[in-house]
Amino acid sequence: MAPEVEKIIESITQGDQDSVQLQLDCYNTQFAECFFFNIEEQESRKQRELEEFRKNKVRECVPDSDSDFNSDTEEAEPDLLLRQRLATALLCFVQNQLQPPVLRVCLCTLRILSRDRRALGPLITDDALLTLGNLGGITSPQVCQDQQEEEEREDDQSPGTHTQIDRCGASGCQVANANSPLAVSSVATCPCPASTAGSSGDHCYKWRREGDHAVLARGKKDAREERSEEEEKEEDGEVCKKEAMKALCNVIYNSQRAQERASALRLLPGLSEKLKLGIESSAPPSGQFYELRLLFLLTALRPELRLQLQQERGVSLLTKALEQCLVVRWGEEYEVLTDRTAPPISKEVSQRAIEILKTLFNITHSFHRQKPDEAEAALYRQLAAVLRHCLLLSCEGQGLLEELQGHTVNVLSALPLTCLDVLLSVRLDQTSQEWEGVNMDCVHTLLLFMDRRLDMGEKPKEKLIPVLNLLTESCQAHRATRHYLRQQILPPLRDFDLRPEQATTLRGRLVRLMTHIDTDVKHCAAELLFVLCKENVRRFVKYTGYGNAAGLLAARGLLSGQGSAGRANPPQYSSDSDSDTEEYREAKARINPVTGRVEVEQPDPMEGMTEEEKEAEARRLIIMFNRLSRDRIIQPMGLTAEGRLAPLCGHMSSCSLEEHAEEEEEEEEEEEEEEEDEEVDMEDVDQ
């Protein structure tokens, strides 16, 4: 690869746009799907590392990724140095007046180079970040101010044309004003093949003077081709913006230094302003997805930018962007009209909506604990209405639908609970899921979403906790929601042959989560079932079994079965009854409350034993438990008056004294028996 890259750099230095375009096209095709360029070298290094580890059984450090292998020997890698030189040369080259196809292929190469974390040196400088941002249509407010001040100084110094030129030593090209690479008043002087014979460009430029600045003017062309050429130029411009934004996203994602500098250079205000312009337009720009991706990366990786976007009315901005993306039609107050017969939204629309939702969660994840004022509540209700619309949409592909609904649930779980009443305040129609006169379309969709997530099995904490918490809090706040979900999740009991966790129903799968290895998952699943039982201990044990319910009951201090009567602020629930089925009443006496099912009758293990034998067996068991407790293998616990578990210190101390006395008596008896046996043996020897 080295000779090819050397030729590309040489062509860039000479300003041969035709040659640069041809060579970069081949380069981009070769590495289009490559994320690590020196694959063979890395494989050999891995093999050497593995052999060394097998030999010495010691590894000084474990690399985080393939790109981190032997990062301390970068100077010895000619390919890496060439890629860095190529990136430096291209950054200088793209600041010149290039033909759109040439600019596009250069930016594509920069995007490919930005994948390699070790080659990011030239791409994380302030000039590089500003150059990529300007080519992507993002203008930093600080840069605009500096540019204006510089132009004013130039106007004061001389009435003639001024061109500031920097020489890039790594590539040999000449660039205009690195701080404002796209400024009209700064003209690049790198040789441009567009004006030479044999050039592949279709545009001809000539110099003309406007006031005190030299600018490029269009040459004459055939008027019949004006429309097609303008459209082609606009399309090339959009493609170049996309490539620049892709490269910038890669750099921000791969480099902490770039994240810090992007924050210092105030790229976020420029990005927000560009999004505002796109929202005000009749249709969103074709490259808006990458603007949203960059906004998500900045807010995800820099906490101060999350706060900044939040303070600059970012929720309102992103809500409007989501409305534009989904072509929202408003009905009555806080009601979005949803056509259930409409075709699925396209993949492009789904992806834009997902990026908006991810960024919304970044800046709203702390709102749940806040009490909003009137204006904020109105904004959050408007957002909740749009999110309800998101849940009811259909997408091209089940994977996109799962992702869209997942991020929608995340944002809903972050909003204040008092603002989620709009999810139910929607008019009923013939296709609506109705319960007690309330539209349950949204709740039913959330239930189906949770059902699918329960079957996935992977990453339960990430996938299940948001929807479990959202449904739990909705049940606590809205009576109709709790009644509907209880009917779906906890229908009347009729089958008692299986333990609750063995059933394949929604109840069975949620009960299985109550003993999950992840504490947060099992707590959230138990909380949902407990709220559906109106926090009634007897009813909760009835549906889950005491063995499964013990964890939550112990955590809440409810093991005594007193319910929530002793709590400072007990929840207020309606007085609807839990009527038992005929099957439950018949089997109730035979149901084991610990397992929650009818157990097969087992023979009595103490059958045929006398009272003295039973007492001796009980005493033996007590002694065994005391030994286990004394050796700290187990810790016996008891219930306090508040229904919480506490160690049996006092009881165990008295038991230990009794056990110790009994053990001393046993030892004395054994010693006496041994002495008697020795005397008998001595008599036998004498005889």
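Now for a description of the structure that goes with this document. (Residues numbered from 1 in each chain as written. Predicted model: local features only at pLDDT ≥ 70, side-chain atom pairs only at ≥ 80, totals over all residues. Heavy atoms only, no water.)

From N to C terminus, the chain includes 26 helices and 10 strands. Out of the 687 residues in the chain, the part that is buried amounts to 43%. Taking contacts inside the chain between residues at least 6 apart in sequence as the whole, the part at least 24 apart equals 71%. If you sum the accessible surface of the chain, you get close to 37,300 Å²; carbon and sulfur atoms cover 49% of it. (Helix = DSSP H or I, 4+ residues; strand = E, 2+ residues; numbered from the N terminus. Buried < 20%, exposed > 50% of the residue type's maximum accessible area, 1.4 Å probe, protein only. Contact = heavy atoms within 4.5 Å. Areas by Shrake-Rupley, 256 points an atom, 1.4 Å probe, with all protein chains shown as cover.)

We now examine helix α13 (residues 314-326). Over its 13 residues, α13 extends 18 Å from the first C-alpha to the last, a length consistent with the 18 Å expected when each residue adds 1.5 Å. Burial analysis of α13 places 12 of its 13 residues in the buried class, the great majority of the element. Among all positions of α13, only Gly 314, Val 315, Ser 316, Leu 317, Leu 318, Thr 319, Ala 321, Leu 322, Glu 323, Gln 324, Cys 325 and Leu 326 are buried. In this fold, the buried residues of α13 make contact with α10 (267-280), α11 (288-301), α12 (303-311), α14 (347-364) and α15 (374-392). Looking at the residues trailing α13, positive phi occurs at Val 327, about 50 degrees. (Expected span 1.5 Å × (residues − 1).)

What follows covers the pattern of salt bridges. Within this structure, the stated rule accounts for 27 salt bridges. The closest approach of N and O atoms between Glu 355 and Arg 293, which form a salt bridge, is 2.9 Å. One end of the pair, Glu 355, is in helix α14; the other, Arg 293, is in helix α11, and 62 residues separate them in sequence. A relative accessible area of 2% places Glu 355 in the buried class. In this structure, a network of salt bridges that share partners links the residues Arg 111, Glu 243 and Lys 246. (Salt bridge = Lys/Arg side-chain N within 4 Å of Asp/Glu carboxyl O.)

This part is about a nonpolar patch on the surface. Residues Leu 621, Met 624, Phe 625, Leu 628, Ile 633 and Ile 634 make up a contiguous nonpolar surface patch of roughly 520 Å² in combined accessible area. Topologically, Ile 633 is positioned in the loop between α25 (611-630) and β9 (637-639). Judged by relative accessible area, Ile 633 falls into the exposed class, the value being 58%. (Patch = residues over 30% accessible without salt bridge, like charges linked within 9 Å, V, L, I, M, F, W, Y side chains within 5 Å.)

For the rest of this paragraph, the subject is the side chain of Asn 254. Following the sequence through the fold, Asn 254 ends up in helix α8 (residues 226-254). For Asn 254, a relative accessible area of 17% translates into the label buried. Beyond its immediate chain neighbours, meaning those up to four positions away, Asn 254 contacts Ser 114, Arg 115, Arg 117 and Leu 120.

On to empty space enclosed by the protein, then. The final tally for this structure, using the stated rule, is 3 cavities of 30 Å³ or more. The computed volume of the largest cavity comes to approximately 80 Å³. What lines the largest cavity is Leu 420, Leu 423, Leu 424, Cys 442, Val 443, Leu 446, Leu 471, Ser 474, His 478 and Thr 481. Listing elements by their share of the lining of the largest cavity, those giving two or more residues are α17 (441-456) and α18 (460-477). Counting residues per element, the lining of the largest cavity draws most heavily on α17, which supplies 3 residues. In the lining of the largest cavity, the residues fall into 7 nonpolar, 3 polar and no charged. (1 Å grid on protein atoms, 1.4 Å probe; cavity = no way out; pocket = protein on both sides within 12 Å on 5 of 7 lines; lining within 4 Å. Points joined across faces, edges and corners; volume = space filled by probe spheres on them. Nonpolar A, V, L, I, M, F, W, Y, C, P; charged D, E, K, R; others polar.)

Turning our eyes to something else, we now look at the environment of Arg 329. Looking at the element boundaries, Arg 329 is found in the loop between α13 and α14. Exposure remark for Arg 329: the relative accessible area of 45% places this residue in the partly exposed category. Separated by 57 residues in the primary sequence, Arg 329 and Val 386 have C-alpha atoms spaced 9.7 Å apart. Excluding its chain neighbours within four sequence positions, the residues that come into contact with Arg 329 are Glu 335, Val 336, Leu 337 and Asp 339.

A separate point is a negative patch on the surface. Where like charges cluster on the molecular surface, the negative patch consists of Glu 611, Glu 612, Glu 613 and Glu 615. Mapped onto the elements of the fold, Glu 612 is located in helix α25. Taking the relative accessible area as the measure of exposure, Glu 612 reaches 58% and is therefore exposed. (Lys, Arg positive; Asp, Glu negative; His and termini not counted. Charge placed at Lys NZ, Arg CZ, Asp CG, Glu CD.)

In this structure, Leu 326, Met 450, Ile 489 and Leu 553 are the most contacted members of the largest nonpolar core, which totals 152 residues. Excluding anything up to four places from it in sequence, Ile 489 contacts Leu 447, Met 450, Leu 506, Arg 507, Leu 510, Leu 528, Leu 529 and Leu 532. (Core = buried A, V, L, I, M, F, W, Y, C linked by side-chain atoms within 4.5 Å.)

When you line up the elements, Arg 302 lands in the loop between α11 and α12. For Arg 302, a relative accessible area of 17% translates into the label buried. Separated by 2.8 Å, the side chains of Arg 302 and Glu 304 make a polar contact. Setting aside anything within four residues of it in sequence, one finds Arg 302 in contact with Gln 259, Glu 260 and Ser 263. (Polar contact = N/O pair within 3.5 Å; in protein donor to acceptor, adjacent residues only side chain to side chain.)

Overall, the coordinates contain 6 aromatic pairs when judged by the stated rule. Relative to Phe 31, the ring of Tyr 27 lies with its centre 4.8 Å away and its plane at 50 degrees, an arrangement referred to as tilted. Relative to Tyr 290, the ring of Phe 289 lies with its centre 5.0 Å away and its plane at 85 degrees, an arrangement referred to as edge-to-face. The cationic tip of Lys 358 hangs over the ring face of Phe 296; the distance from NZ or CZ to the ring centre is 4.3 Å. (Phe/Tyr/Trp six-rings, centres within 6.5 Å; stacked < 30°, edge-to-face > 60°. Lys NZ or Arg CZ within 6 Å of the ring centre and 35° of its normal.)

A separate point is the packing of α13 against α15. Taken N-terminus to C-terminus, the directions of α13 and α15 make an angle of 30 degrees; their axes are 10 Å apart at the nearest point. Considered as vectors, α13 and α15 are oriented roughly parallel to each other. At the point where α13 passes α15, the crossing takes the left-handed sense. On α15, the residues that touch Val 315, Ser 316, Thr 319, Leu 322, Glu 323 and Leu 326 of α13 are Leu 379, Tyr 380, Gln 382, Leu 383, Val 386, Leu 387, His 389 and Cys 390. (Axes fitted to C-alpha atoms, helices over the stretch in contact; angles between N-to-C directions. Parallel < 35°, antiparallel > 145°, perpendicular 65-115°, else oblique. Left-handed = near helix turned anticlockwise from the far one by under 90°.)

Along the chain, Gly 508 turns up in helix α20 (residues 506-513). A residue is classified by how much of its surface remains accessible, and Gly 508, at 0% relative accessible area, is buried.

This part takes up the packing of helix α2 (residues 17-30) against helix α4 (residues 78-93). Their axes nearest at 14 Å, the elements α2 and α4 cross at an angle of 135 degrees. If you check the angle between α2 and α4, you find them oblique. Seen along the crossing, α2 lies across α4 with a hand that is left-handed. Each of Gln 17, Val 20, Leu 24 and Tyr 27 in α2 lies in contact with α4, whose residues at this interface are Arg 83, Leu 86, Leu 90 and Phe 93.

Right, let's talk about the environment of Ser 114 for a bit. Along the chain, Ser 114 turns up in the loop between α5 (100-113) and α6 (126-135). Linking Ser 114 and Ile 252, residues 138 residues apart in sequence, is a C-alpha distance of 9.5 Å. Apart from residues lying up to four places away in sequence, Ser 114 is in contact with Leu 120, Leu 123, Ala 247, Asn 250, Val 251 and Asn 254. Here Arg 111 takes part through its backbone oxygen, which lies 2.6 Å from a polar atom of the side chain of Ser 114. Here Asn 250 takes part through its side chain, which lies 3.0 Å from a polar atom of the side chain of Ser 114.

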